[in-house]
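Descriptive analysis of the structure
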Amino acid sequence: MQQWTDLFLNKPLPEGWMQGLLFITFGLHLLFVLLMLGTAILSLLFFLRDLLRQPSPDQHWNEHVAHSHMGLKSLAVVLGVGPLLLMQISHPHAFFTVTGLFSYAWLAIIPLLITAFLLFDGFAHKIGTSAWLALICGLVGVAALMTVPAIFTGALTLMERPAEWADFAASGFRFDAQWMPHWVLRYLHVMGAAVAFGAAFHLFFSARNEKQKAPLLRKWLLGALMAQAVIGLALLATILPQLSVPVLSFISLGALALGAAVWILRPESSTADYRLLALLPLIFVSMLLARQLMQNEALAPGQAEATAQREQRVRELAPFSQKALDAFAVKLRTVYDNGDTIYDGACEPCHGLTGRGDGPEASRLRIPATDLTTMRTDRDYVYEMVRDGTPGTGMPYFRMFDREKLESLLDAMGKRFGMYAATPPPPRDISPVSLEVWIGTCAKCHAANGSGSPSGRAMQPPPPDFRRSSLTHEQALKIITEGYPGTGMPGYRNQPQTVREDLAIICNSFRAAHNKSEK
(Lines give C-alpha, C1' and ligand atoms only; values in the text may rest on other atoms or scores of the structure.)
Protein backbone atom coordinates (compact mmCIF):
# COMPACT_ATOMS: atom_id res chain seq x y z
CA MET A 1 0.00 0.00 0.00
CA GLN A 2 1.39 3.39 -0.97
CA GLN A 3 0.89 6.69 0.76
CA TRP A 4 -1.58 7.89 -1.88
CA THR A 5 -3.80 4.89 -1.26
CA ASP A 6 -4.13 5.57 2.45
CA LEU A 7 -5.78 8.97 2.57
CA PHE A 8 -5.85 9.25 6.34
CA LEU A 9 -2.06 9.25 6.49
CA ASN A 10 -1.67 12.13 4.06
CA LYS A 11 -1.70 15.83 4.77
CA PRO A 12 -1.22 18.39 2.01
CA LEU A 13 0.89 20.69 4.21
CA PRO A 14 3.18 20.32 7.23
CA GLU A 15 1.41 20.10 10.57
CA GLY A 16 2.34 23.65 11.59
CA TRP A 17 0.89 25.11 8.38
CA MET A 18 -2.26 23.06 8.84
CA GLN A 19 -2.72 24.37 12.36
CA GLY A 20 -2.06 27.94 11.19
CA LEU A 21 -4.64 27.64 8.42
CA LEU A 22 -7.13 26.08 10.81
CA PHE A 23 -6.65 28.96 13.25
CA ILE A 24 -7.12 31.61 10.54
CA THR A 25 -10.13 30.02 8.87
CA PHE A 26 -11.83 29.10 12.10
CA GLY A 27 -11.14 32.57 13.50
CA LEU A 28 -12.73 34.26 10.48
CA HIS A 29 -15.69 31.89 10.55
CA LEU A 30 -16.22 32.37 14.29
CA LEU A 31 -15.95 36.15 13.98
CA PHE A 32 -18.74 36.36 11.42
CA VAL A 33 -20.82 33.80 13.32
CA LEU A 34 -20.58 35.99 16.43
CA LEU A 35 -21.45 39.14 14.47
CA MET A 36 -24.38 37.40 12.76
CA LEU A 37 -25.69 35.87 15.97
CA GLY A 38 -25.17 39.03 18.00
CA THR A 39 -26.91 41.13 15.37
CA ALA A 40 -29.90 38.78 15.35
CA ILE A 41 -30.22 38.75 19.15
CA LEU A 42 -29.82 42.52 19.56
CA SER A 43 -32.17 43.44 16.74
CA LEU A 44 -34.86 41.22 18.26
CA LEU A 45 -34.27 42.63 21.75
CA PHE A 46 -34.38 46.25 20.55
CA PHE A 47 -37.51 45.48 18.54
CA LEU A 48 -39.21 44.07 21.65
CA ARG A 49 -38.04 46.98 23.79
CA ASP A 50 -39.42 49.58 21.39
CA LEU A 51 -42.62 47.60 20.85
CA LEU A 52 -43.35 47.38 24.57
CA ARG A 53 -42.56 51.03 25.24
CA GLN A 54 -44.45 52.67 22.39
CA PRO A 55 -47.79 51.78 20.71
CA SER A 56 -46.41 52.59 17.23
CA PRO A 57 -42.64 52.64 17.59
CA ASP A 58 -40.24 53.81 14.92
CA GLN A 59 -38.36 50.66 13.91
CA HIS A 60 -36.14 52.29 11.28
CA TRP A 61 -32.81 51.63 13.05
CA ASN A 62 -33.91 48.14 14.15
CA GLU A 63 -34.74 47.33 10.51
CA HIS A 64 -31.29 48.55 9.49
CA VAL A 65 -29.64 46.26 12.08
CA ALA A 66 -31.77 43.27 11.08
CA HIS A 67 -30.97 43.73 7.38
CA SER A 68 -27.22 43.70 8.10
CA HIS A 69 -27.72 40.14 9.33
CA MET A 70 -28.19 38.94 5.74
CA GLY A 71 -24.68 39.81 4.60
CA LEU A 72 -23.10 38.52 7.80
CA LYS A 73 -24.84 35.15 7.60
CA SER A 74 -23.60 34.57 4.04
CA LEU A 75 -19.99 35.15 5.06
CA ALA A 76 -20.41 33.04 8.19
CA VAL A 77 -21.71 30.06 6.20
CA VAL A 78 -19.13 30.32 3.40
CA LEU A 79 -16.23 30.73 5.80
CA GLY A 80 -17.41 27.68 7.75
CA VAL A 81 -16.39 25.32 4.95
CA GLY A 82 -12.66 25.89 5.45
CA PRO A 83 -12.33 24.90 9.11
CA LEU A 84 -14.60 21.89 8.62
CA LEU A 85 -12.38 20.56 5.82
CA LEU A 86 -9.18 21.32 7.70
CA MET A 87 -10.51 19.65 10.84
CA GLN A 88 -11.32 16.53 8.82
CA ILE A 89 -7.75 16.42 7.52
CA SER A 90 -5.95 17.41 10.72
CA HIS A 91 -7.96 15.32 13.17
CA PRO A 92 -9.87 12.74 11.13
CA HIS A 93 -10.03 10.18 13.92
CA ALA A 94 -11.70 12.53 16.43
CA PHE A 95 -13.73 14.44 13.84
CA PHE A 96 -15.39 11.45 12.22
CA THR A 97 -15.88 9.63 15.52
CA VAL A 98 -17.72 12.53 17.12
CA THR A 99 -19.60 13.37 13.93
CA GLY A 100 -20.90 9.82 14.00
CA LEU A 101 -21.80 10.01 17.68
CA PHE A 102 -23.53 13.34 17.12
CA SER A 103 -25.03 12.34 13.79
CA TYR A 104 -28.68 12.97 14.67
CA ALA A 105 -27.91 16.46 16.01
CA TRP A 106 -25.34 17.11 13.25
CA LEU A 107 -27.96 16.46 10.56
CA ALA A 108 -30.37 18.85 12.31
CA ILE A 109 -28.02 21.77 11.63
CA ILE A 110 -29.16 22.15 8.02
CA PRO A 111 -32.93 22.39 8.70
CA LEU A 112 -32.23 24.60 11.72
CA LEU A 113 -30.18 27.04 9.64
CA ILE A 114 -32.74 27.05 6.84
CA THR A 115 -35.53 27.74 9.34
CA ALA A 116 -33.51 30.40 11.12
CA PHE A 117 -32.45 32.25 7.97
CA LEU A 118 -35.91 32.21 6.37
CA LEU A 119 -37.72 33.32 9.52
CA PHE A 120 -35.19 36.00 10.37
CA ASP A 121 -35.41 37.36 6.85
CA GLY A 122 -39.18 37.43 7.37
CA PHE A 123 -38.61 39.29 10.64
CA ALA A 124 -36.38 41.85 8.90
CA HIS A 125 -38.96 42.48 6.17
CA LYS A 126 -42.01 42.71 8.47
CA ILE A 127 -40.45 44.56 11.37
CA GLY A 128 -41.84 47.94 10.27
CA THR A 129 -45.18 46.79 8.83
CA SER A 130 -46.54 43.80 10.74
CA ALA A 131 -45.39 43.74 14.37
CA TRP A 132 -47.01 40.43 15.37
CA LEU A 133 -45.78 38.56 12.33
CA ALA A 134 -42.32 40.03 12.85
CA LEU A 135 -42.46 39.01 16.52
CA ILE A 136 -43.28 35.37 15.72
CA CYS A 137 -40.67 35.14 12.95
CA GLY A 138 -38.05 36.82 15.14
CA LEU A 139 -38.61 34.65 18.21
CA VAL A 140 -38.65 31.34 16.34
CA GLY A 141 -35.86 32.35 13.95
CA VAL A 142 -33.48 33.50 16.68
CA ALA A 143 -34.29 30.42 18.78
CA ALA A 144 -33.38 28.17 15.84
CA LEU A 145 -30.24 30.20 15.23
CA MET A 146 -29.15 29.91 18.87
CA THR A 147 -29.60 26.14 18.77
CA VAL A 148 -26.89 25.66 16.13
CA PRO A 149 -23.97 26.81 18.34
CA ALA A 150 -25.24 24.43 21.03
CA ILE A 151 -24.69 21.52 18.62
CA PHE A 152 -21.26 22.73 17.53
CA THR A 153 -20.02 23.41 21.06
CA GLY A 154 -21.37 20.03 22.18
CA ALA A 155 -19.54 18.23 19.39
CA LEU A 156 -16.28 20.11 20.06
CA THR A 157 -16.54 19.50 23.80
CA LEU A 158 -17.01 15.78 23.28
CA MET A 159 -14.28 15.70 20.61
CA GLU A 160 -11.75 16.97 23.13
CA ARG A 161 -12.65 14.18 25.60
CA PRO A 162 -11.82 10.87 23.90
CA ALA A 163 -12.10 9.02 27.22
CA GLU A 164 -15.85 9.71 27.25
CA TRP A 165 -16.64 8.61 23.67
CA ALA A 166 -17.50 5.04 24.67
CA ASP A 167 -19.79 6.20 27.46
CA PHE A 168 -21.56 8.63 25.13
CA ALA A 169 -21.95 5.94 22.48
CA ALA A 170 -23.52 3.60 25.05
CA SER A 171 -25.75 6.06 26.92
CA GLY A 172 -26.20 9.11 24.68
CA PHE A 173 -27.00 12.45 26.30
CA ARG A 174 -26.95 12.38 30.09
CA PHE A 175 -27.24 15.53 32.16
CA ASP A 176 -24.98 14.02 34.79
CA ALA A 177 -22.17 13.49 32.27
CA GLN A 178 -18.84 14.98 33.33
CA TRP A 179 -18.50 17.12 30.22
CA MET A 180 -22.03 18.56 30.40
CA PRO A 181 -21.15 21.56 32.70
CA HIS A 182 -18.27 22.50 30.40
CA TRP A 183 -20.56 22.27 27.39
CA VAL A 184 -23.24 24.52 28.95
CA LEU A 185 -20.70 27.12 30.10
CA ARG A 186 -18.95 27.02 26.73
CA TYR A 187 -22.24 27.61 24.96
CA LEU A 188 -23.08 30.53 27.25
CA HIS A 189 -19.60 31.90 26.61
CA VAL A 190 -20.27 31.86 22.86
CA MET A 191 -23.64 33.57 23.38
CA GLY A 192 -21.99 36.26 25.50
CA ALA A 193 -19.30 36.78 22.89
CA ALA A 194 -21.99 37.08 20.20
CA VAL A 195 -23.79 39.83 22.10
CA ALA A 196 -20.50 41.61 22.83
CA PHE A 197 -19.24 41.56 19.25
CA GLY A 198 -22.68 42.30 17.82
CA ALA A 199 -23.03 45.32 20.10
CA ALA A 200 -19.52 46.54 19.30
CA PHE A 201 -20.10 46.14 15.56
CA HIS A 202 -23.24 48.26 15.57
CA LEU A 203 -21.84 50.75 18.10
CA PHE A 204 -19.09 51.69 15.65
CA PHE A 205 -20.72 51.05 12.28
CA SER A 206 -24.46 51.71 12.49
CA ALA A 207 -25.12 53.92 15.54
CA ARG A 208 -22.90 56.90 14.81
CA ASN A 209 -25.89 59.13 14.17
CA GLU A 210 -28.16 57.42 16.67
CA LYS A 211 -27.83 59.42 19.88
CA GLN A 212 -30.22 57.14 21.76
CA LYS A 213 -29.00 53.81 20.42
CA ALA A 214 -25.29 54.28 21.07
CA PRO A 215 -25.62 54.39 24.91
CA LEU A 216 -27.81 51.28 24.77
CA LEU A 217 -25.23 49.43 22.72
CA ARG A 218 -22.49 50.52 25.14
CA LYS A 219 -24.53 49.06 28.00
CA TRP A 220 -25.08 45.80 26.18
CA LEU A 221 -21.39 45.62 25.29
CA LEU A 222 -20.37 46.34 28.88
CA GLY A 223 -22.86 43.84 30.27
CA ALA A 224 -21.81 41.16 27.82
CA LEU A 225 -18.11 41.64 28.63
CA MET A 226 -18.77 41.47 32.37
CA ALA A 227 -20.86 38.34 31.84
CA GLN A 228 -17.98 36.90 29.82
CA ALA A 229 -15.69 37.47 32.78
CA VAL A 230 -18.03 35.63 35.15
CA ILE A 231 -18.80 32.78 32.74
CA GLY A 232 -15.12 32.58 31.80
CA LEU A 233 -14.07 32.05 35.40
CA ALA A 234 -16.61 29.25 35.81
CA LEU A 235 -15.51 27.77 32.48
CA LEU A 236 -11.91 27.93 33.63
CA ALA A 237 -12.79 25.86 36.66
CA THR A 238 -13.99 23.02 34.40
CA ILE A 239 -10.67 22.79 32.58
CA LEU A 240 -8.15 23.34 35.37
CA PRO A 241 -6.42 19.97 34.87
CA GLN A 242 -5.91 20.78 31.17
CA LEU A 243 -4.28 24.17 31.65
CA SER A 244 -0.71 24.46 30.43
CA VAL A 245 1.59 27.46 30.68
CA PRO A 246 0.98 28.63 27.08
CA VAL A 247 -2.77 28.22 27.45
CA LEU A 248 -2.79 30.09 30.76
CA SER A 249 -0.66 32.85 29.23
CA PHE A 250 -3.12 33.48 26.40
CA ILE A 251 -6.09 33.36 28.78
CA SER A 252 -4.37 35.88 31.06
CA LEU A 253 -3.67 38.18 28.12
CA GLY A 254 -7.30 37.99 27.03
CA ALA A 255 -8.50 38.64 30.58
CA LEU A 256 -6.30 41.74 30.87
CA ALA A 257 -7.65 43.06 27.58
CA LEU A 258 -11.19 42.33 28.74
CA GLY A 259 -10.57 44.24 31.97
CA ALA A 260 -9.24 47.21 30.01
CA ALA A 261 -12.31 47.16 27.74
CA VAL A 262 -14.64 47.11 30.76
CA TRP A 263 -12.77 50.08 32.24
CA ILE A 264 -13.15 52.05 29.00
CA LEU A 265 -16.88 51.26 28.92
CA ARG A 266 -17.53 52.36 32.51
CA PRO A 267 -20.70 54.51 32.86
CA GLU A 268 -18.77 57.78 33.31
CA SER A 269 -17.46 57.48 29.75
CA SER A 270 -20.18 57.93 27.14
CA THR A 271 -18.35 58.14 23.84
CA ALA A 272 -17.39 55.37 21.45
CA ASP A 273 -13.74 54.87 22.34
CA TYR A 274 -11.75 53.52 19.42
CA ARG A 275 -9.29 51.80 21.76
CA LEU A 276 -11.96 49.10 21.87
CA LEU A 277 -11.21 48.33 18.21
CA ALA A 278 -7.79 47.11 19.35
CA LEU A 279 -8.82 45.49 22.62
CA LEU A 280 -11.72 43.42 21.27
CA PRO A 281 -9.64 41.69 18.55
CA LEU A 282 -6.94 41.08 21.17
CA ILE A 283 -9.50 39.36 23.43
CA PHE A 284 -10.80 37.35 20.49
CA VAL A 285 -7.40 36.20 19.22
CA SER A 286 -5.91 35.37 22.63
CA MET A 287 -8.94 33.34 23.71
CA LEU A 288 -9.06 31.55 20.35
CA LEU A 289 -5.35 30.69 20.58
CA ALA A 290 -5.87 29.30 24.08
CA ARG A 291 -8.80 27.24 22.81
CA GLN A 292 -6.88 25.81 19.86
CA LEU A 293 -3.85 24.93 22.00
CA MET A 294 -6.08 23.07 24.43
CA GLN A 295 -7.81 21.30 21.58
CA ASN A 296 -4.52 20.21 20.02
CA GLU A 297 -3.17 18.98 23.34
CA ALA A 298 -6.37 17.01 23.96
CA LEU A 299 -6.49 15.45 20.49
CA ALA A 300 -2.78 14.83 19.93
CA PRO A 301 -2.46 11.53 21.86
CA GLY A 302 -5.48 9.93 20.20
CA GLN A 303 -4.44 11.18 16.77
CA ALA A 304 -0.91 9.86 17.25
CA GLU A 305 -2.21 6.49 18.41
CA ALA A 306 -4.60 6.21 15.44
CA THR A 307 -1.84 7.19 13.01
CA ALA A 308 0.54 4.63 14.55
CA GLN A 309 -2.09 1.91 14.26
CA ARG A 310 -2.73 2.72 10.61
CA GLU A 311 0.99 2.78 9.82
CA GLN A 312 1.39 -0.58 11.58
CA ARG A 313 -1.47 -1.96 9.50
CA VAL A 314 0.18 -0.66 6.34
CA ARG A 315 3.43 -2.41 7.26
CA GLU A 316 1.55 -5.65 7.99
CA LEU A 317 -0.33 -5.54 4.70
CA ALA A 318 2.60 -4.42 2.55
CA PRO A 319 3.81 -7.98 1.71
CA PHE A 320 0.35 -8.83 0.39
CA SER A 321 -0.51 -5.62 -1.42
CA GLN A 322 1.21 -6.36 -4.74
CA LYS A 323 -0.24 -9.86 -4.79
CA ALA A 324 -3.72 -8.43 -4.14
CA LEU A 325 -3.29 -5.80 -6.85
CA ASP A 326 -2.11 -8.44 -9.34
CA ALA A 327 -5.10 -10.62 -8.55
CA PHE A 328 -7.40 -7.66 -8.92
CA ALA A 329 -5.83 -6.77 -12.26
CA VAL A 330 -6.41 -10.32 -13.48
CA LYS A 331 -10.01 -10.09 -12.39
CA LEU A 332 -10.39 -6.76 -14.18
CA ARG A 333 -8.94 -8.19 -17.37
CA THR A 334 -11.20 -11.22 -17.11
CA VAL A 335 -14.40 -9.49 -16.18
CA TYR A 336 -14.13 -5.92 -17.46
CA ASP A 337 -11.15 -5.39 -19.74
CA ASN A 338 -11.31 -8.26 -22.22
CA GLY A 339 -12.14 -7.55 -25.85
CA ASP A 340 -15.56 -9.20 -25.85
CA THR A 341 -16.69 -7.14 -22.86
CA ILE A 342 -15.38 -3.92 -24.40
CA TYR A 343 -17.10 -4.67 -27.72
CA ASP A 344 -20.41 -5.46 -26.02
CA GLY A 345 -20.25 -2.27 -23.98
CA ALA A 346 -18.76 0.20 -26.47
CA CYS A 347 -19.36 -1.12 -30.03
CA GLU A 348 -22.50 -3.24 -29.83
CA PRO A 349 -24.93 -0.30 -29.41
CA CYS A 350 -24.21 0.75 -33.02
CA HIS A 351 -22.63 -2.23 -34.78
CA GLY A 352 -24.82 -4.86 -33.12
CA LEU A 353 -23.91 -8.16 -31.54
CA THR A 354 -23.51 -9.75 -34.97
CA GLY A 355 -21.54 -6.77 -36.34
CA ARG A 356 -24.05 -6.01 -39.10
CA GLY A 357 -24.53 -2.39 -38.07
CA ASP A 358 -27.95 -3.11 -36.57
CA GLY A 359 -27.39 -2.28 -32.89
CA PRO A 360 -30.10 -0.64 -30.76
CA GLU A 361 -28.65 2.85 -31.35
CA ALA A 362 -28.04 2.39 -35.09
CA SER A 363 -31.39 3.87 -36.14
CA ARG A 364 -30.35 7.23 -34.62
CA LEU A 365 -27.23 7.55 -36.74
CA ARG A 366 -27.23 9.89 -39.73
CA ILE A 367 -24.53 7.76 -41.36
CA PRO A 368 -25.27 4.04 -40.92
CA ALA A 369 -22.82 2.03 -38.85
CA THR A 370 -20.45 -0.11 -40.87
CA ASP A 371 -21.38 -3.76 -41.42
CA LEU A 372 -18.24 -5.27 -39.91
CA THR A 373 -18.96 -8.71 -41.34
CA THR A 374 -18.38 -7.37 -44.86
CA MET A 375 -15.01 -5.72 -44.08
CA ARG A 376 -11.69 -7.24 -45.07
CA THR A 377 -9.12 -4.92 -43.68
CA ASP A 378 -5.70 -4.53 -42.07
CA ARG A 379 -5.56 -4.81 -38.29
CA ASP A 380 -3.56 -1.60 -37.78
CA TYR A 381 -6.10 0.25 -39.98
CA VAL A 382 -8.92 -0.84 -37.65
CA TYR A 383 -6.75 0.07 -34.67
CA GLU A 384 -6.39 3.65 -35.94
CA MET A 385 -10.11 3.98 -36.57
CA VAL A 386 -11.02 2.65 -33.12
CA ARG A 387 -8.40 4.79 -31.39
CA ASP A 388 -9.07 8.02 -33.32
CA GLY A 389 -12.68 7.61 -34.45
CA THR A 390 -13.97 8.71 -37.87
CA PRO A 391 -14.60 12.44 -38.25
CA GLY A 392 -18.05 13.32 -39.53
CA THR A 393 -19.64 10.08 -38.39
CA GLY A 394 -21.01 8.72 -35.14
CA MET A 395 -17.84 6.68 -34.67
CA PRO A 396 -16.13 8.20 -31.56
CA TYR A 397 -12.52 7.77 -30.50
CA PHE A 398 -11.67 5.32 -27.74
CA ARG A 399 -8.46 6.80 -26.39
CA MET A 400 -9.66 6.08 -22.88
CA PHE A 401 -8.56 2.48 -23.48
CA ASP A 402 -4.85 1.72 -23.43
CA ARG A 403 -3.08 -0.22 -26.19
CA GLU A 404 -3.48 -3.53 -24.38
CA LYS A 405 -7.26 -3.18 -24.12
CA LEU A 406 -7.60 -2.02 -27.73
CA GLU A 407 -5.55 -4.99 -28.93
CA SER A 408 -7.86 -7.22 -26.93
CA LEU A 409 -10.82 -5.57 -28.65
CA LEU A 410 -9.24 -6.08 -32.09
CA ASP A 411 -8.69 -9.75 -31.25
CA ALA A 412 -12.36 -10.12 -30.37
CA MET A 413 -13.51 -8.32 -33.55
CA GLY A 414 -11.26 -10.45 -35.74
CA LYS A 415 -12.49 -13.63 -34.09
CA ARG A 416 -16.15 -12.65 -34.39
CA PHE A 417 -16.22 -11.16 -37.88
CA GLY A 418 -13.14 -12.42 -39.71
CA MET A 419 -12.19 -8.84 -40.54
CA TYR A 420 -8.48 -9.44 -41.11
CA ALA A 421 -8.84 -12.11 -43.77
CA ALA A 422 -7.01 -11.60 -47.04
CA THR A 423 -8.83 -9.91 -49.90
CA PRO A 424 -9.24 -12.34 -52.82
CA PRO A 425 -7.37 -11.38 -56.00
CA PRO A 426 -9.48 -9.96 -58.87
CA PRO A 427 -11.49 -12.81 -60.47
CA ARG A 428 -11.09 -11.41 -63.95
CA ASP A 429 -9.84 -8.50 -65.97
CA ILE A 430 -11.93 -5.36 -66.10
CA SER A 431 -13.13 -3.63 -69.23
CA PRO A 432 -11.44 -0.43 -70.51
CA VAL A 433 -14.80 1.36 -70.23
CA SER A 434 -14.99 0.57 -66.49
CA LEU A 435 -11.44 1.73 -66.01
CA GLU A 436 -12.30 5.04 -67.70
CA VAL A 437 -15.27 5.46 -65.33
CA TRP A 438 -12.99 4.83 -62.37
CA ILE A 439 -10.40 7.38 -63.56
CA GLY A 440 -12.96 9.92 -64.66
CA THR A 441 -15.40 9.68 -61.77
CA CYS A 442 -14.32 7.60 -58.79
CA ALA A 443 -10.68 8.73 -58.66
CA LYS A 444 -11.74 12.32 -57.91
CA CYS A 445 -12.30 11.23 -54.34
CA HIS A 446 -10.63 7.83 -54.08
CA ALA A 447 -7.51 8.63 -56.16
CA ALA A 448 -6.32 6.46 -58.98
CA ASN A 449 -4.57 4.06 -56.59
CA GLY A 450 -7.45 3.92 -54.07
CA SER A 451 -5.58 5.76 -51.31
CA GLY A 452 -7.90 8.78 -51.32
CA SER A 453 -7.33 12.02 -53.26
CA PRO A 454 -6.48 15.30 -51.46
CA SER A 455 -10.03 16.54 -52.04
CA GLY A 456 -11.41 13.22 -50.84
CA ARG A 457 -9.35 13.26 -47.65
CA ALA A 458 -10.74 16.74 -46.92
CA MET A 459 -14.28 15.36 -46.80
CA GLN A 460 -16.01 14.33 -43.60
CA PRO A 461 -16.04 11.42 -43.45
CA PRO A 462 -13.14 10.80 -45.84
CA PRO A 463 -13.34 7.82 -48.21
CA PRO A 464 -11.62 4.63 -47.00
CA ASP A 465 -8.08 3.80 -48.04
CA PHE A 466 -8.67 0.87 -50.39
CA ARG A 467 -5.04 -0.19 -50.07
CA ARG A 468 -5.72 -1.10 -46.44
CA SER A 469 -9.41 -1.90 -46.42
CA SER A 470 -11.86 -3.66 -48.71
CA LEU A 471 -15.38 -5.03 -48.70
CA THR A 472 -16.97 -8.19 -49.87
CA HIS A 473 -17.86 -7.96 -53.56
CA GLU A 474 -21.58 -7.94 -52.75
CA GLN A 475 -21.25 -5.08 -50.26
CA ALA A 476 -19.02 -3.03 -52.57
CA LEU A 477 -21.52 -3.48 -55.44
CA LYS A 478 -24.40 -2.45 -53.19
CA ILE A 479 -22.67 0.79 -52.13
CA ILE A 480 -21.66 1.62 -55.71
CA THR A 481 -25.25 1.12 -56.82
CA GLU A 482 -27.10 2.79 -53.91
CA GLY A 483 -24.48 5.12 -52.45
CA TYR A 484 -23.70 5.49 -48.73
CA PRO A 485 -26.30 7.65 -46.89
CA GLY A 486 -24.95 10.73 -45.12
CA THR A 487 -21.61 10.71 -46.95
CA GLY A 488 -20.32 12.15 -50.22
CA MET A 489 -20.70 8.73 -51.90
CA PRO A 490 -23.63 8.88 -54.40
CA GLY A 491 -25.31 5.91 -56.06
CA TYR A 492 -24.43 5.01 -59.68
CA ARG A 493 -27.52 3.15 -60.79
CA ASN A 494 -27.22 4.82 -64.15
CA GLN A 495 -24.06 2.85 -64.88
CA PRO A 496 -24.48 -0.52 -66.56
CA GLN A 497 -24.42 -3.58 -64.35
CA THR A 498 -21.16 -4.77 -65.91
CA VAL A 499 -19.46 -1.45 -65.15
CA ARG A 500 -20.63 -1.46 -61.53
CA GLU A 501 -19.41 -5.03 -61.17
CA ASP A 502 -16.02 -3.94 -62.52
CA LEU A 503 -15.87 -0.96 -60.20
CA ALA A 504 -16.45 -3.28 -57.22
CA ILE A 505 -13.57 -5.45 -58.44
CA ILE A 506 -11.35 -2.37 -58.80
CA CYS A 507 -12.12 -1.23 -55.24
CA ASN A 508 -11.10 -4.59 -53.82
CA SER A 509 -8.09 -5.04 -56.04
CA PHE A 510 -5.99 -2.37 -54.33
CA ARG A 511 -5.69 -4.16 -50.98
CA ALA A 512 -4.99 -7.48 -52.68
CA ALA A 513 -2.23 -5.88 -54.75
CA HIS A 514 -0.89 -3.88 -51.79
CA ASN A 515 -0.63 -6.94 -49.55
CA LYS A 516 0.96 -8.93 -52.34
CA SER A 517 3.59 -6.26 -52.94
CA GLU A 518 4.50 -6.20 -49.23
CA LYS A 519 5.11 -9.95 -49.08
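The structure contained in this document is the topic of the report that follows.

Calculation notes
- Residues numbered from 1 in each chain as written.
- Predicted model: local features only at pLDDT ≥ 70, side-chain atom pairs only at ≥ 80, totals over all residues.
- Heavy atoms only, no water.
- Phe/Tyr/Trp six-rings, centres within 6.5 Å; stacked < 30°, edge-to-face > 60°.
- Helix = DSSP H or I, 4+ residues; strand = E, 2+ residues; numbered from the N terminus.
- Buried < 20%, exposed > 50% of the residue type's maximum accessible area, 1.4 Å probe, protein only.
- Contact = heavy atoms within 4.5 Å.
- Axes fitted to C-alpha atoms, helices over the stretch in contact; angles between N-to-C directions.
- Parallel < 35°, antiparallel > 145°, perpendicular 65-115°, else oblique.
- Core = buried A, V, L, I, M, F, W, Y, C linked by side-chain atoms within 4.5 Å.
- Salt bridge = Lys/Arg side-chain N within 4 Å of Asp/Glu carboxyl O.
- 1 Å grid on protein atoms, 1.4 Å probe; cavity = no way out; pocket = protein on both sides within 12 Å on 5 of 7 lines; lining within 4 Å.
- Points joined across faces, edges and corners; volume = space filled by probe spheres on them.

**Brief notes about the packing of aromatic side chains**
According to the stated counting rule, one finds 15 aromatic pairs in the structure shown. Judged by centre distance (5.7 Å) and plane angle (55°), the ring pair of Phe168 and Trp179 falls under tilted. One end of the pair, Phe168, is in helix H7 (residues 165-171); the other, Trp179, is in the loop between H7 and helix H8 (180-205), and 11 residues separate them in sequence. Assessed through its relative accessible area of 4%, Phe168 is described here as buried. The rings of Phe95, Phe96, Trp106 and Phe152 are connected pair by pair, giving a single aromatic cluster.

**Topic: the side chain of Gln475**
Tracing the backbone shows Gln475 in helix H17 (residues 473-482). Residues in contact with Gln475, not counting those within four places in the same chain, are Asp371 and Thr374.

**Regarding the packing of helix H3 (residues 81-90) against helix H4 (residues 92-101)**
Remark: H3 packs on H4, axes separated minimally by 5 Å, with the N-to-C direction vectors making an angle of 115°. Relative to H4, the element H3 is oriented roughly perpendicular. Contacts from Leu84, Met87, Gln88, Ile89 and Ser90 of H3 reach H4 at Pro92, Phe95 and Phe96.

**Concerning the environment of Leu84**
Locating Leu84 in the fold gives a position in helix H3. Between the alpha carbons of Leu84 and Phe95 there is a distance of 9.1 Å; along the sequence they are 11 residues apart. Excluding its chain neighbours within four sequence positions, the residues that come into contact with Leu84 are Phe95 and Trp106.

**Some remarks on the nonpolar core**
Ranked by size, the top nonpolar core spans 88 residues in total, and within it Phe102, Phe123 and Leu221 carry the most contacts. The greatest single-element share of this core, amounting to 16 residues, is contributed by helix H1 (residues 15-53). Those residues in contact with Leu221 that lie beyond four places of it in its chain are Ala196, Ala199, Ala200, Leu203, Leu265 and Leu276. Membership of the second largest hydrophobic core comes to 15 residues, among which are Val382, Leu406, Leu410 and Met419.

**Focus: the pattern of salt bridges**
Tallying each qualifying case throughout the model produces 19 salt bridges. Between Asp50 and Lys213 there is a salt bridge, with its nearest N and O atoms 3.2 Å apart. Of this pair, Asp50 sits in helix H1 while Lys213 sits in helix H9 (residues 213-237), and the two are 163 residues apart along the sequence. The burial state of Asp50 is the same as that of Lys213; both residues are buried. As a salt-bridge pair, Glu407 and Arg403 come within 2.7 Å of each other at their nearest N and O atoms. Highlighted residues: Glu407 and Arg403, both in helix H14 (residues 403-417), separated by four residues, approximately one helical turn. Its relative accessible area of 47% is what places Arg403 among the partly exposed residues.

**Considerations on empty space enclosed by the protein**
Inspection of every chain in the model, using the stated rule, returns one cavity of 30 Å³ or more. Here the largest cavity is characterised by a volume of approximately 50 Å³. Around the largest cavity sit His91, His93, Ala94, Pro162, Trp165, Leu299, Gly302 and Gln303, which together line it. Of all the secondary-structure elements, those providing two or more residues to the lining of the largest cavity are H4 and helix H11 (276-335).

Note that all results are geometric; they support no functional claim without further evidence.
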